[in-house]
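Examination of the molecular architecture
Listed below, chain by chain, are the residues.
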Amino acid sequence: MRRIEPILELKKLSKSFGEENVLDEIDLTVYEGEIIGYIGPNGAGKSTTVKILLGLIEEYEGNVRIFGEDISKGNHTYKRRIGYVPETADLYENLTAYEYLTFIGELYGLEGEEVDRKAKELVKLFGIEEVYHSRISSFSKGMKQKVLIISSMIHNPDLLFLDEPLSGLDANSVMIVKEILAKLAAEGKTIFYSSHIMEVVEKISHRIVLLANGKLLADGSFEELKGQNMDGTLEEIFNQLTGFDEHQNIAEKFVQIVQEG
Amino acid sequence: MKNYPSLKFVDLFKRLFLFLGVDYPVMRKILQIKLTMDRRRVPTVFNEQNKKINNDSNQFLKSLWVYAFLGLILVPFILIRDSYIFPMSLVYGVLMFLLMTSMISDFSQVLLDIRDKNILNTKPVEKRTINAAKIVHVGIYMFILTATITMIPLTVSLLARGVPFFLLFLSQIILIDLLVVVVTALLYMVILKFFDGEKLKDIINYVQIALSLSIVVGYQLVIRSFEFFNLDFGFHAQWWQIFLPPVWYGAMFEVLLGQNRDVYIIVFSILALIVPFVSIFIYIKAIPSFERNLEKLSSQSTVKKKRKPLLGSWFVKLICSSKEERTFFFFAQKMMKNERQFKLKVYPSFGLSFIIPFILIFNELRTSSFTEIADSRYYLSIYFAAMMIPTIVLMLRYSQSHKGSWIFRALPLENLSPLYRGTLKAFMVKLYFPVFTLLSILFMVIFSVNIFLDLVVVWLASSIFVVLCFKSVNGKVPPFSESFEMTQQETGKMFLMFLPIPLLFGIHFWMTTMEYGVIGYAVVLFVVNWILWRKL
């Protein structure tokens, strides 16, 4: 049976840095089992939203409820059910994968031995078990990304925020992760998927939320977006909605300048 | 992960933390991770694959003996019995300076870590616990640092001045520790409020440079401080001394041990007691706005205006024959200017090369008169300015963005000679020339302008020395192409490169004893230069 209570609820969420309005009255309700493709041009306010939801930014206007609880009340325990892969790939690189993963697991309230057991199996599945006891600083970008993905899921969260989670992964690993996300959603987990690669977003998201200049421009499934007298791929829809039709012009000029002199 | 002794020490205060509402087990976990990472601050990236067992060693702990030595400065002042406030203010002044500068240079990372925010604050951990971990982390190091500096002075005070003096000395040291930590943090807050992160990093960089220089000058002071012994210490409290925190702490001695009831002195000692706690209060109040401004560290906002180059392009054309060489000249010049790590490693030796020739002359002033020196050949001590050459030439090899050096290989160049030449010329023009010129002018004032030809010879000799250093230290390694973490492996080689300096000095000295020796030598050096730079 499906619960009707929303996992995440934003009401008139606004945020400004000085004069600049980064988020402008965003309304969004998310239910369990959904994969939300959260897209928008650079500087649209995507990461600001995620930072607010994770409690990294505490000053905002409007109302944010996660798991039915108002996060401005200052109770941090809701974070136990959240996993996060940041875009900037921040890790304590001087630690080994083992040390980092057990540390993060323990912060989520798990027992050290249990985290170690789970982490060991997970790194094996990702094919990086031989570097489990090596320092992360020696890892390639893809290996670091795998560690980040494991650290975001090791505590079995109900809500995941993933910011470009596939960056640096090889084609095979990309397939694994996409499959993992689909399976997690089928198990009732909610996933916020933020990316600039439209093909992936188009394929894996149940619902697409497009943000530009701090405003919600579109919200619906890919089919619904197509139905709103727009056509083509998500990439083309993205261009239309953000009012960008200059790409051919710009490309032409670019090539022209390259060939000058 | 180890159970560090410092953690066991913190365990003693478990109840206090629990009382303050800190989640103690989590805070301990964070501290343990932080301490583990500190031991690996110099990551051995290249040995990692073969060595699975970590040989952790804390670089900070290894550098402690320097501080223990600097602590010796304090000893003679403690032994002074004529006055309390004067020597003790000096003691606390030196201590504050040492603590403050090392706090800024070594612990800024802890206070300004922005990774922490993304990693820790997104986890179900209370802010209070994270902040407590941060403060305790800094606290552990401050404790170790203070203990190292003051260990010998404290022992001396106990033996020579008795228990009350010792206790007062100790308790005020603790107050000063508090004050220094909080004031540094507040200082960062203020800087971040008005400037962006880049500015703050620059300021930290300059403090680090100042610290390295003052440690060297400190060595001189340690030796000299025993000479100050028989001075007269008349001291009268003045209102403006209220702005000198060390005086507050010296005043406390006057009140408690010297029975001084001067109004100023009493006010000072009250300040000594109150200000640390007031600043902690302000700090706690200001933490939220600090956290917000910390965001600035990750963003670069200011657009720098393009500045006109000081050197006309005609000059660069004159010294660099090919176009590629000129391009690399400008490139190297910008790298040297913008690289913080480079500045940190280079500027202290830069300052030293300026100071050492004078130290040599002043030492001689003790035994001979000024006119005697002016007639001597002591101007040749300018050779010691060349001491910066091996260090800097070696440092030219490193860069924080060493990964960008693939570009040198990818360029359609026949060989990398233009890069080598351009970089070395940029170093000589931008770093060596200013110091050398200033020294030359001062020396000509001291020794008369007749030494001009000798100075030209020194310049020519050092220009040969630059090429030799580069060849023997760096070989074919292109500039800016290795990580600074590799530096330690090469320092041995660098010390060997100091040996030619006395040799060059000796040859020059020998030439001055011969008629036309110097001018002949100059011609020879010129020709050698001409050949060497071509072959580079």
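Residues numbered from 1 in each chain as written. Chains lettered and ligands numbered in written order. Predicted model: local features only at pLDDT ≥ 70, side-chain atom pairs only at ≥ 80, totals over all residues. Heavy atoms only, no water.

Once that is clear, we can look at the overall build of chain A. When you go through chain A residue by residue, the secondary structure sums to nine helices and ten strands. Taking 2.2 N^0.38 as the reference for a compact globule, 261 residues should give roughly 18 Å; the C-alpha atoms of chain A span a radius of gyration of 20 Å, in line with that estimate. Principal-axis analysis of the C-alpha atoms gives chain A an extent of 55 × 55 × 40 Å. Buried positions account for 52% of the 261 residues belonging to chain A. For chain A, contacts bridging at least 24 residues in sequence account for 66% of all contacts bridging at least 6. Just so you have it, chain A exposes about 12900 Å², and 48% of that area is on carbon and sulfur atoms. (Helix = DSSP H or I, 4+ residues; strand = E, 2+ residues; numbered from the N terminus. Rg over C-alpha atoms; globule rule 2.2 N^0.38 Å. Buried < 20%, exposed > 50% of the residue type's maximum accessible area, 1.4 Å probe, protein only. Contact = heavy atoms within 4.5 Å. Areas by Shrake-Rupley, 256 points an atom, 1.4 Å probe, with all protein chains shown as cover.)

Another point: the interface of chain B and chain A. Each partner contributes residues to the interface: chain B has 32 residues there, and chain A has 31 residues. Here chain B and chain A share an interface that buries about 3200 Å² over both sides, 56% of which is from carbon and sulfur atoms. Across the salt bridge formed by A:Glu58 and B:Lys127, the nearest N and O atoms sit 2.6 Å from each other. Where chain B meets chain A, there are five residue pairs in polar contact (both at pLDDT 80 or more). Mapped onto the side of chain B that touches chain A, the elements with two or more residues apiece are α3 (24-38) and α8 (115-120) of chain B. Looking at the side of chain B that touches chain A residue by residue, the classes come out as ten nonpolar, seven polar and 15 charged. (Buried area = accessible area lost by both parts, 1.4 Å probe. Salt bridge = Lys/Arg side-chain N within 4 Å of Asp/Glu carboxyl O. Polar contact = N/O pair within 3.5 Å; in protein donor to acceptor, adjacent residues only side chain to side chain. Nonpolar A, V, L, I, M, F, W, Y, C, P; charged D, E, K, R; others polar.)

Looking now at the sheet that holds strand β9 (residues 207-212) of chain A. Residues and elements named next belong to chain A. An order of β6-β7-β8-β3-β9-β10 is seen for the six strands of this open sheet, with the pairing classed as mixed. Both outer strands of the open sheet, β6 (82-85) and β10 (215-220), are each paired with one neighbouring strand and no more. Across the sheet, the mean angle separating the axes of adjacent strands is 15 degrees when strand polarity is ignored. In this structure, β6 lies alongside strand β7 (residues 159-163), joined through four bridges in parallel fashion. By the bridge assignment, Val-85 is partnered in β7 with Leu-162. Across the sheet, helix α1 (residues 46-53) is in contact with β3 (35-39), β6, β7, β8 (190-194) and β9; its angle to β3 comes to roughly 130 degrees. Helix α8 (residues 234-241) rests against β3, β9 and β10 of the sheet, and its axis sits at about 35 degrees to β9. (Pairing = 2+ DSSP bridges. Axes fitted to C-alpha atoms, helices over the stretch in contact; angles between N-to-C directions.)

It is worth spelling out the environment of B:Phe166 at this point. All names here are of chain B. Within the element layout of this structure, Phe-166 appears in helix α10 (residues 163-194). Given the relative accessible area of 18%, Phe-166 is considered buried. It is 27 Å that separates the C-alpha atoms of Phe-166 and Asp-11, two residues lying 155 residues apart in sequence. Once residues lying within four places of it in the same chain are set aside, the contact partners of Phe-166 are Leu-154, Ser-157 and Leu-158.

Here we come to the domain arrangement of chain B. Assigned domains of chain B: these are domain 1 (5-45 + 58-230 + 238-298) and domain 2 (313-534). Computed over C-alpha atoms, the centres of domain 1 of chain B and domain 2 of chain B are 38 Å apart. (Domains from an automatic or database assignment.)

Let's shift gears to the pairing of strand β4 (residues 61-66) of chain A. Residue and element names in this part refer to chain A. Sheet topology note: the strand β1 (residues 8-17)/β4 ladder contains five bridges and is antiparallel. The partner of Leu-10 across the bridge, within β4, is Val-64. Note: β4 against strand β5 (residues 69-70), two bridges, orientation antiparallel. Residue pairing for β5: Ile-66 is matched across the bridge by Glu-69. In this antiparallel pair of consecutive strands, β4 and β5, the connection spans two residues, and Phe-67 shows a positive phi of 50 degrees.

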